[in-house]
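Given next are the chains, with one letter for each unit.
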Amino acid sequence: MLNKWPLAYYNVRLGDHLNCVAWLAVNLFNKELEVLERRVSESNLRDLLYLAGVTHDIGKASRFYEEKFNETKRLTFPYHEIVGALILHATSWKISWDRGGRVLSIAAKIVSRHHAAMTGRHPRDLVQSKSTYMVDHVLNVLREIRVDDMSTLVDELLSRTPRSLSIARIALEELKNKLESVVKEITSGRSRNVVQRDIESLATLDSGESKEYILVASLTGMLMVADNLVANLERRKSSDGMTPLYIMSWSRELSGRLRKLEVSNACPHVEVDGYGC
């Protein structure tokens, strides 16, 4: 029996997961963000990482995944990261840079890569694949997105976003304001060629020395660590088997920081006993 849609996992609300990952990412890597800001002469990277964290799984809100669960009784979300990234990407084109367009554009590339370690899940894999299955799948998921579902989710995320992160809040407000037009555009007239073009845009980064490359590579890494640590805490009672060794390693290396952060206060839905938190 599923909890009320949308979900991150069987027993975890999507809004709770997104809020927890965003909070953990910016607080766990606060010092690294300060160093990165000096490295790229960029401020407000906390806003950018928080925005990527709080939207990284919004693609899971598509009713496509719920319908598949009703058919198969297995809850899986293939290519949800591409779906969410395409929503952010489409929104970024509809607003000015100073109203969140730039941070949404970069966040889209970060979100599209947070499962890139998995075979076939980097946006570049979809571009290079000779099969049309992956792009067709993404298009089908996009077509089952409902404005009401997504708007309610963004409302929740915005209400829980700290007021100190003003740029992230502006971007979320613009995302909410443009949702209806973006979803309508995506669900009514999008062809495989248009989706393929947008995925190519997500896959493209400037050279390894560019500011964009450094930002996307660095912040994607931070997001992946925070996402996996939170998911591990959320799924402790599931039958997923042994905790992956890399999560065990991160938990040990970061245990001092995790204890100081008091994760349970910001993420009351997780159990942290025995995890150094």
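The structure presented is a predicted model; accordingly, all values stated were derived computationally and were not measured.

Thresholds applied
Residues numbered from 1 in each chain as written. Predicted model: local features only at pLDDT ≥ 70, side-chain atom pairs only at ≥ 80, totals over all residues. Heavy atoms only, no water. Phe/Tyr/Trp six-rings, centres within 6.5 Å; stacked < 30°, edge-to-face > 60°. Lys NZ or Arg CZ within 6 Å of the ring centre and 35° of its normal. Helix = DSSP H or I, 4+ residues; strand = E, 2+ residues; numbered from the N terminus. Contact = heavy atoms within 4.5 Å. Disulfide = S-S within 2.5 Å. Buried < 20%, exposed > 50% of the residue type's maximum accessible area, 1.4 Å probe, protein only. Axes fitted to C-alpha atoms, helices over the stretch in contact; angles between N-to-C directions. Parallel < 35°, antiparallel > 145°, perpendicular 65-115°, else oblique. Nonpolar A, V, L, I, M, F, W, Y, C, P; charged D, E, K, R; others polar. Salt bridge = Lys/Arg side-chain N within 4 Å of Asp/Glu carboxyl O.

1. Section: the packing of aromatic side chains
In total, this model carries five aromatic pairs according to the counting rule given. Taken together, the aromatic side chains of Trp5, Phe64, Tyr65 and Phe77 make up a single cluster linked through ring pairs. If you follow lysine 60 out to its NZ or CZ, it ends over the ring of tyrosine 9, 4.6 Å from the centre. Lying across the ring of phenylalanine 77, lysine 60 places its NZ or CZ 4.7 Å from the centre.

2. A closer look at the environment of isoleucine 247
Mapped onto the fold, isoleucine 247 is located in helix α13 (residues 245-253). For the pair isoleucine 247 and valine 230, spaced 17 residues apart in the sequence, the C-alpha separation amounts to 10.0 Å. Apart from residues lying up to four places away in sequence, isoleucine 247 is in contact with Asn228, Leu229 and Asn232.

3. Things to note about the state of the cysteines
Following the criterion strictly, the structure yields one disulfide and no others. Covalently, cysteine 20 is tied to cysteine 267 through a disulfide, its sulfur atoms 2.0 Å apart. With the S-S dihedral at roughly 100°, the linkage between cysteine 20 and cysteine 267 falls on the right-handed side. Separated by 247 residues along the polypeptide, cysteine 20 in helix α1 (residues 14-28) and cysteine 267 in the segment after α15 (263-266) bring together distant segments of the chain. The burial state of cysteine 20 is the same as that of cysteine 267; both residues are buried.

4. Considerations on the side chain of glutamate 81
Topologically, glutamate 81 is positioned in helix α5 (residues 80-92). According to the relative accessible area criterion, glutamate 81 is buried, its value standing at 0%. Apart from the residues within four sequence positions on either side, glutamate 81 is in contact with Val111, Ser112, His114, His115 and Arg121.

5. With respect to unusual backbone geometry
In this structure, the amide linkage connecting tryptophan 5 to the following residue, proline 6, adopts the cis form with an omega of 5°. Here proline 6 shows up in the segment before β1 (7-9). Of note, the phi angle at lysine 73 is positive, near 65°, even though the residue is not glycine. Tracing the backbone shows lysine 73 in the loop between α4 (63-72) and α5. In this structure lysine 73 comes out as exposed when scored by relative accessible area, which is 56%. Within the chain, glutamate 262 stands out as a residue other than glycine whose phi angle is a positive 50°. Positionally, glutamate 262 belongs in the loop between α14 (255-261) and α15. By relative accessible area, which is 45% here, glutamate 262 ends up partly exposed.

6. Considerations on the packing of helix α12 (residues 211-234) against α13
Axis separation between α12 and α13 bottoms out at 10 Å; the angle between their running directions is 100°. The angle between α12 and α13 falls in the class roughly perpendicular. Contact residues: Met224, Val225, Asn228, Leu229 and Asn232 in α12; Tyr246, Ile247, Trp250 and Ser251 in α13. Here the residues of the contact of α12 with α13 sort into six nonpolar, three polar and no charged.

7. With respect to the pattern of salt bridges
Under the defined criterion, the tally for this structure stands at 18 salt bridges. Across the salt bridge formed by glutamate 156 and arginine 160, the nearest N and O atoms sit 2.8 Å from each other. Exposure remark for glutamate 156: the relative accessible area of 18% places this residue in the buried category. Classification of arginine 160 as partly exposed rests on a relative accessible area of 29%. The closest approach of N and O atoms between aspartate 198 and arginine 197, which form a salt bridge, is 3.0 Å. Under the relative-accessibility criterion, aspartate 198 is labelled buried at 5%.

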